[in-house]
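Structure at a glance
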Amino acid sequence: MPRPARALLDLSALRDNLAVARRAAGNASILAVVKANAYGHGLTRVLSALEAADGLALIELDQAVALRERGYVKPLLLLGGFFEPEDVELFPAHRLIAVIHHEDQLLMLEKTEIVGRIDIFLKFNTGMNRLGFPTSQAQALVERLGRSGKVGSITLMTHFANADDSRGVEWQLAAFRPAQSLPLSMANSAALLRHPATAGAWVRPGIMLYGSSPFPETPAAALGLRPVMTLETRIIGVQQLHPGDRVGYGGTFTAQHPMRIGVIACGYADGYPRHAPSGTPIMVDGERTRTVGRVSMDLMCLDLTAMAGAGVGSRVQLWGDELSVDEVAASAGTVSYELFCALSSRVPVSVSE
Ligand SMILES: *Cc1c(COP(=O)(O)O)cnc(C)c1O
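Residues numbered from 1 in each chain as written. Predicted model: local features only at pLDDT ≥ 70, side-chain atom pairs only at ≥ 80, totals over all residues. Heavy atoms only, no water.

Moving on, we get to unusual backbone geometry. Note: most residues except glycine have negative phi, and most peptide bonds are trans. A positive phi angle is found at alanine 38, which is not glycine, with a value near 55°. Following the sequence through the fold, alanine 38 ends up in helix H2 (residues 35-39). By relative accessible area, which is 0% here, alanine 38 ends up buried. (Helix = DSSP H or I, 4+ residues; strand = E, 2+ residues; numbered from the N terminus. Buried < 20%, exposed > 50% of the residue type's maximum accessible area, 1.4 Å probe, protein only.)

This part is about the packing of aromatic side chains. Under the criterion given, the structure shown has six aromatic pairs. Ring centres of phenylalanine 124 and phenylalanine 176 lie 6.1 Å apart, and the angle between their planes is 50°; this geometry places the pair in the tilted category. One end of the pair, phenylalanine 124, is in strand S6 (residues 118-125); the other, phenylalanine 176, is in the loop between helix H9 (170-175) and strand S9 (184-185), and 52 residues separate them in sequence. With respect to class, phenylalanine 124 is no different from phenylalanine 176; both count as buried. Clustering of aromatic rings is evident, with ring pairs tying together Tyr39, Tyr210 and Tyr337. (Phe/Tyr/Trp six-rings, centres within 6.5 Å; stacked < 30°, edge-to-face > 60°.)

Moving on, we get to the environment of arginine 177. Within the fold, arginine 177 resides in the loop between H9 and S9. You can call arginine 177 exposed: its relative accessible area is 62%. C-alpha of arginine 177 to C-alpha of proline 196: the two residues are 19 residues apart in sequence and 17 Å apart in space.

Once that is clear, we can look at the site of the ligand. Around the ligand, the structure places 14 residues, and the nearest of them are Lys35, Tyr39, Ser189, Ile207 and Tyr337. Between the ligand and the protein, one listed contact pairs an oxygen atom with a side-chain N or O atom of lysine 35 at 2.7 Å. Side-chain polar atom of tyrosine 337 to an oxygen atom of the ligand: 2.6 Å apart, as the coordinates give it. For the shell around the ligand, a count of residues per class yields seven nonpolar, four polar and three charged. (Near = heavy atom within 4 Å. Polar contact = N/O pair within 3.5 Å; in protein donor to acceptor, adjacent residues only side chain to side chain. Nonpolar A, V, L, I, M, F, W, Y, C, P; charged D, E, K, R; others polar.)

Okay, the pairing of S6 next. As a general feature of sheets, a regular strand has side chains that alternate between the two faces. Taking burial as the measure, the eight residues of S6 include six buried ones, the bulk of the element. Of the pairings in the sheet, the one linking strand S5 (residues 96-100) to S6 comprises three bridges and is parallel in character. When the sheet's bridge partners are listed, alanine 98 is paired in S6 with isoleucine 120. Regarding the hand of the β-α-β motif, the stretch spanning S5, helix H7 (residues 103-111) and S6 is right-handed. Here five bridges tie S6 to strand S8 (residues 151-157), and the two strands are oriented parallel to one another. Paired with phenylalanine 121 across the strands is threonine 155, a residue of S8. Examined bridge by bridge, S6 and strand S7 (residues 133-134) share two bridges and lie parallel to one another. Within S7, the residue paired with phenylalanine 124 across the bridge is phenylalanine 133. (Pairing = 2+ DSSP bridges. Right-handed = clockwise from strand over helix to strand, strands pointing away.)

Considering all chains together, one arrives at 14 salt bridges under this definition. For arginine 15, the salt bridge is made with glutamate 353, and the minimal N-O distance between the two is 3.0 Å. Within this pair, whereas arginine 15 is found in helix H1 (residues 11-25), its partner glutamate 353 is found in the segment after strand S19 (349-352), the two being separated by 338 residues in sequence. Residue class for arginine 15 comes out partly exposed when judged on its relative accessible area of 33%. Between aspartate 54 and arginine 22 there is a salt bridge whose closest N-O contact spans 2.9 Å. Linking aspartate 54 in the loop between helix H3 (43-46) and strand S3 (55-58) with arginine 22 in helix H1, this pair joins segments that are 32 residues apart in sequence. For arginine 22, a relative accessible area of 30% gives the class partly exposed. (Salt bridge = Lys/Arg side-chain N within 4 Å of Asp/Glu carboxyl O.)

Here we come to the nonpolar core. Membership of the largest hydrophobic core comes to 110 residues, with the highest contact counts inside it found for Leu50, Leu56, Leu122, Leu209, Ile264, Tyr272 and Trp319. Residue contributions to this core peak at seven residues, all from H1. Apart from residues lying up to four places away in sequence, tyrosine 272 is in contact with Cys266, Gly267, Thr280, Pro281, Thr291, Val295, Met300, Leu318, Trp319 and Val328. If you look at the next biggest cluster of nonpolar residues, it comprises nine residues, including Leu241, Phe253, Met259 and Val263. (Core = buried A, V, L, I, M, F, W, Y, C linked by side-chain atoms within 4.5 Å. Contact = heavy atoms within 4.5 Å.)

Each packed pair of helices is defined by two parameters, the angle between the axes and the distance between the axes. One way to put it is that H7 packs onto helix H8 (residues 138-148) with a least axis distance of 10 Å and a crossing angle of 20°. Comparing the axis directions of H7 and H8 gives the class roughly parallel. Both H7 and H8 take part in a crossing whose hand is left-handed. Residues Glu103, Leu106, Leu107, Leu109 and Glu110 of H7 form the contact with H8, whose participating residues are Leu141, Arg144, Leu145 and Ser148. (Axes fitted to C-alpha atoms, helices over the stretch in contact; angles between N-to-C directions. Parallel < 35°, antiparallel > 145°, perpendicular 65-115°, else oblique. Left-handed = near helix turned anticlockwise from the far one by under 90°.)

Following this line, the structure appears as structure tokens:
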């Protein structure tokens, strides 16, 4: 029997979540964000469910080229643009759209001989202070790109730091008053759902497509989003604890009363967060219980005291359609993005339509 830890991907949920994005996007086109191997889901596994998107956005140039070689014909936006002069010519050759966010990239573009033109998303820093040019340079940069003779269309882009919280997007929009009447791209999932007026020409939803809420206080289900990934395993051992007995490395959990615990085949080497403390929610045969003790590499433990019917072989869901990944992430002090991306290659994945 194979080790029972496995992930299931529900592509119908991905299609439905994309439809939620489509309704919010109005007339804007959708670039489905598939960086980091589609947020850990596997780009090739989910691609067919993203047919209704108008294009894809990602960081990884090799994946973008592979998409073209596999016959993907819609727009592909490289969110970090090019990093090396040798890579510049791949953009016109494969019709890839480049984000340009820094002077060094402009110089690379100007110095490289290319065949054809590159469509550009020109990125501005409107307060996140990560990537982007100062907005005061917009006019001059657009003129300079025009003079290079290497650029096709230009879209003006920025990224919001607080679209998911009370600080909002207005303060960044105020900094972004573009002098040009060029197409705009601003919205991630949080902005698309909460500030749809920022949709512009191209929206860039990521996390919502995978069925996780971009807002800490709003469950995904309340936004009409359905989980795509379910991580599950089985109980492979049971222990009876006396009061004072401890569980796992470091003995961080101590039984206060007689307890029955289950040992499951899943650990941090599968992608479950080691930081998840005792008490993190987890499902056994569709019923909610809690983890106990430290998560180890291949194993972790859960409380079966109130679950007389559960034992070796019982089905355990770590997150998915019975338990929101957002709840598990919050308990571990992180976000669903990190949990998804950490799904390990040793976990077999099956896909359902
Ligand atoms: C990752 C990313 C997105 C998608 O953000 P979500 O919060 O997952 O919707 C959009 N734009 C850029 C520039 C990104 O890097």
